[in-house]
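Structural description and commentary
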Amino acid sequence: MCRKIFISILIFFVFIVGVLTLVFLDARYIEPNLLFVQNKTLYLPNWDERLNGFKIAAISDLHIGTNGMDLDKLNVIIQKVNAKNPDLIVLLGDFDSKAIQNVGYSDEELSAIFKKFKAKYGVIAI
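Below or above, wherever it landed, is the structure these notes cover.

What counts and how
Residues numbered from 1 in each chain as written. Predicted model: local features only at pLDDT ≥ 70, side-chain atom pairs only at ≥ 80, totals over all residues. Heavy atoms only, no water. Pairing = 2+ DSSP bridges. Helix = DSSP H or I, 4+ residues; strand = E, 2+ residues; numbered from the N terminus. Axes fitted to C-alpha atoms, helices over the stretch in contact; angles between N-to-C directions. Buried < 20%, exposed > 50% of the residue type's maximum accessible area, 1.4 Å probe, protein only. Expected span 1.5 Å × (residues − 1). Arc of directions from axis to C-beta. Contact = heavy atoms within 4.5 Å. Polar contact = N/O pair within 3.5 Å; in protein donor to acceptor, adjacent residues only side chain to side chain. 1 Å grid on protein atoms, 1.4 Å probe; cavity = no way out; pocket = protein on both sides within 12 Å on 5 of 7 lines; lining within 4 Å. Points joined across faces, edges and corners; volume = space filled by probe spheres on them. Nonpolar A, V, L, I, M, F, W, Y, C, P; charged D, E, K, R; others polar. Patch = residues over 30% accessible without salt bridge, like charges linked within 9 Å, V, L, I, M, F, W, Y side chains within 5 Å. Areas by Shrake-Rupley, 256 points an atom, 1.4 Å probe, with all protein chains shown as cover. Salt bridge = Lys/Arg side-chain N within 4 Å of Asp/Glu carboxyl O. Right-handed = clockwise from strand over helix to strand, strands pointing away.

Considerations on the sheet that holds strand β3 (residues 123-125)
With parallel pairing, the three strands of this open sheet are ordered in space as β1-β2-β3. Pairing within the sheet leaves two strands with one partner each, and these edge strands are β1 (56-59) and β3. For this sheet, the mean inter-axis angle between neighbouring strands, taken without regard to orientation, is 15°. Both strand β2 (residues 88-91) and β3 contribute to a ladder of three bridges, which runs parallel. For Leu91, the partnering residue across the bridge sits in β3 and is Ala125.

This is the structure in structure tokens:
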């Protein structure tokens, strides 16, 4: 009886370690390298028809300075966003100042790169 309980606990422990390992590998090596673009058309009540076709690029989870998110990868993102010719770009956050500082990017470097975003009505960062 004790042996069956021990084996059950061991199997459960191995299962939990396996799941945690997969989550870690996804978070560390797979997810940071995924870059995808989704195009969504919104149908909003009381929408001013003069704004039909207005394109907003919403960018999130940049995590600059972590998990291989370097300035070269940021430049690729900027090129992909600009290629869509958005009317407005919104940067939705996840700027980790400690990570940015730890990799040694200066404010000037980051400003020069972020200035490459192009949108008719500007760029808003949150």
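Describing the environment of Thr41
One can find Thr41 in the loop between α1 (2-30) and β1. The exposure class assigned to Thr41 is exposed, which follows from its relative accessible area of 58%. Sequence spacing of Thr41 and Phe54 is 13 residues, and the spatial spacing of their C-alpha atoms is 9.9 Å.

Digging into helix α2 (residues 71-83)
Here α2 is 13 residues long and its end C-alpha atoms lie 18 Å apart, about the 18 Å a rise of 1.5 Å per residue gives. Three or more residues of α2 are buried, namely Leu71, Leu74, Asn75, Ile77, Ile78, Val81 and Asn82. Projected onto a plane normal to the axis of α2, the buried residues spread over an arc of 160° and lie on a single side. The outward face of α2, more than 90 degrees from its buried face, is lined by the exposed residues Asp72, Gln79 and Ala83. Tucked inside the fold, the buried residues of α2 contact β1, β2 and α4 (107-114). Two to three positions downstream of the cap, the backbone nitrogen of Asp72 sits 3.3 Å from a side-chain oxygen, assigning the N-cap of α2 to Asp70. Phi for Asn85, located one or two positions after α2, is positive at around 50°.

Notes on the layout of surface pockets
To locate leftover empty space, one rolls a probe as large as a water molecule over the atoms. Taken as a whole, the largest pocket holds about 1500 Å³ of empty space. If you go around the largest pocket, you meet 40 residues; those closest to its centre are Gln38, Ile56, Ala57, Ala58 and Ile59. Listed by contribution, the elements that provide at least two residues to the lining of the largest pocket are β1 and α2. The dominant element in the lining of the largest pocket, judged by the number of residues it contributes, is α2, at five residues. Grouping the amino acids of the lining of the largest pocket by side-chain chemistry returns 23 nonpolar, 10 polar and seven charged.

Some details on a nonpolar patch on the surface
Judged by side-chain polarity, Phe6, Ile7, Leu10, Ile11, Phe13, Val14 and Val17 come together as a nonpolar surface patch covering roughly 680 Å² of accessible area. Tracing the backbone shows Phe6 in helix α1. For Phe6, a relative accessible area of 55% corresponds to the exposed category.

Observations regarding the pairing of β2
Of the two faces of β2, the one holding Leu88 and Val90 and the one holding Ile89 and Leu91 are both buried throughout. Here β1 pairs with β2 via four bridges, running parallel. Residue pairing in the sheet places Ala57 in a bridge with Ile89 of β2. You can see the chain leave β1, run along α2 and come back into β2, and the turn it takes is right-handed.

Treat this as a map of the structure, not an account of what it does.
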